[in-house]
Structure formats: structure tokens, C-alpha cells
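Structural description and commentary
One letter stands for each residue in the lines below.
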Amino acid sequence: MDILQLAEEHYYYTFAIVFGIGLLQGAILARGIRRKFPKLKKYAKGVSIILLILFSINAAGNISKFAEPSKVEFTEFVMPETSEAAFLLLIDVLGLNAGIIAVTGIFISITLILLFRFAELNSISRYFIFTISVIVFIIAMLGRFTDYVPSTFQIILYVMYQLGMTLGIFSIMRRREKDPLEDMG
């Protein structure tokens, strides 16, 4: 019996664990943002709604890309001879050729990365977020560069992770004063 089959058999537990990981990651990130920018507590509800909207858009884009990844095929790879051909290859590899939704998703992702770069996180939190992010990145790249197509179960797991992360950020950012995770770190 492999791990994926075991996870599917106990899907309630699996969904709860993945949702919890996303929730914890979102809460840690929100706490780091609140520490770095303490004046945001004054505007907690507005900021939390803006972040909820940004993360919801980002999650929807990521989920659709995860569910149906556009494949990059190197079966007949030819070294680009012109700068235009190299640019088109770069656009194809990065997935920018998917249109306005891809560009919007990338813009939101870059904005969130910059925001998180300035977040104050302790080393354990940084390693946790980095590890989870690398795992998600590797799985996304498998879908883009291999024949891997996620099953419905795996797509639902990814939805649970994105939902948990979005709600984790929203729940911590919306608090005006007291941070429930403040005592932990």
C-alpha cells in the first residue's frame, strides 16, 4: 500500500492535515507582517480584506494552473538563434504565454513575495515556510515539465492548502490588537 492510497482512504484526516498546514503557514506569514508593520493593526479590517482578495485571486489562479498545467515540451528543443526566439522560449518556460490571468497571478505572487520578504519571522518559521513552499514548487514544476497530471484527490488537497493559507492570513490580519500567536514565538 503506497502513501497516496493510504491518504485517499483516510481523506478526512488528510484534508484536515493539509488545511492545517496551509492555515499555519498563513498565520505565520500574517504574524510576520504584523510584526514588521505594527501600524497595520490600526487598519486591520481593511488590510485583511485586501489580503483576502489578493490571496483568493492568487489561489484561484494557482489552483487552475495546478489542475491543468500547461506543459513545456523539449522533444524538439532547438537552441534559439535570435534574441526574439530566446525571449519566446523564456516566455514559454515561465508560463507567461497564458494571457492576462497568468500575468495577473504572477504580479500578485511577486507582490506577495516582496511583502513576505519584509515580514519578521524567526528561523523556525522561515524554514517551515521555505520547506512547504519548495515542496509546492516542486510539485507544480512536475506538472509543467513532465507527464504528471494531478488526480482529483490531489487537486482537492491543493485547494485545501490554498484555502487554509488564505484563511490563516485573513484570520490573523483582521485582529486589531491581540495576536493569538504572539505568545508562541
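Below: a short report on this structure. These numbers come from a predicted model, not from an experiment.

1. Focus on the packing of aromatic side chains
- With the rule as written, the count across this model stands at 4 aromatic pairs.
- Between the aromatic rings of Tyr11 and Tyr12, the centroid separation amounts to 4.5 Å while the plane-to-plane angle is 35 degrees, which identifies the pairing as tilted.
- On the basis of relative accessibility, which here comes to 36%, the residue Tyr11 falls in the partly exposed class.

2. Describing the side chain of Thr14
- Tracing the backbone through its elements, the reader meets Thr14 in helix α2 (residues 11-36).
- At a separation of 2.8 Å, a polar atom in the side chain of Thr14 contacts the main-chain carbonyl oxygen of Ala7.
- When near neighbours in sequence (up to four residues on either side) are disregarded, Thr14 contacts Ala7, Phe153 and Leu157.

3. Focus: the packing of α2 against helix α6 (residues 123-145)
- The contact between α2 and α6 brings their axes to 10 Å, and the two run at 130 degrees. Judged by the inter-axis angle, α2 sits oblique to α6. The interaxial crossing formed by α2 with α6 has left-handed handedness. Contacts between α2 and α6 involve Ile21, Leu24, Gln25, Ile28, Leu29 and Arg31 from the first element and Ser125, Phe128, Ile129, Ile132 and Ser133 from the second.
- Taken together, the residues that form the contact of α2 with α6 break down as 7 nonpolar, 3 polar and 1 charged.

4. Section: the layout of surface pockets
- The space that makes up the second largest pocket amounts to roughly 450 Å³.
- Surrounding the second largest pocket, 15 residues form its lining, Val18, Ile135, Val136, Ile139 and Leu157 being those nearest its centre.
- Those elements giving two or more residues to the lining of the second largest pocket turn out to be α1 (3-9), α2, α6 and α7 (152-173).
- Among the residues making up the lining of the second largest pocket, the classes are represented as 14 nonpolar, 1 polar and no charged.

5. Quick word on the nonpolar core
- Formed by 25 residues in total, the largest nonpolar core has its most connected members in Leu121, Tyr161, Ile169 and Met173.
- If you list the elements that add at least two residues to this core, you get α2, α3 (44-67), α6 and α7.
- Residue contributions to this core peak at 9 residues, all from α7.
- Leaving out residues up to four positions away in the same chain, Tyr161 has contacts with Val18, Gly22, Gln25, Ile132 and Val136.

The rules we used
Residues numbered from 1 in each chain as written. Predicted model: local features only at pLDDT ≥ 70, side-chain atom pairs only at ≥ 80, totals over all residues. Heavy atoms only, no water. Phe/Tyr/Trp six-rings, centres within 6.5 Å; stacked < 30°, edge-to-face > 60°. Buried < 20%, exposed > 50% of the residue type's maximum accessible area, 1.4 Å probe, protein only. Helix = DSSP H or I, 4+ residues; strand = E, 2+ residues; numbered from the N terminus. Polar contact = N/O pair within 3.5 Å; in protein donor to acceptor, adjacent residues only side chain to side chain. Contact = heavy atoms within 4.5 Å. Axes fitted to C-alpha atoms, helices over the stretch in contact; angles between N-to-C directions. Parallel < 35°, antiparallel > 145°, perpendicular 65-115°, else oblique. Left-handed = near helix turned anticlockwise from the far one by under 90°. Nonpolar A, V, L, I, M, F, W, Y, C, P; charged D, E, K, R; others polar. 1 Å grid on protein atoms, 1.4 Å probe; cavity = no way out; pocket = protein on both sides within 12 Å on 5 of 7 lines; lining within 4 Å. Points joined across faces, edges and corners; volume = space filled by probe spheres on them. Core = buried A, V, L, I, M, F, W, Y, C linked by side-chain atoms within 4.5 Å.

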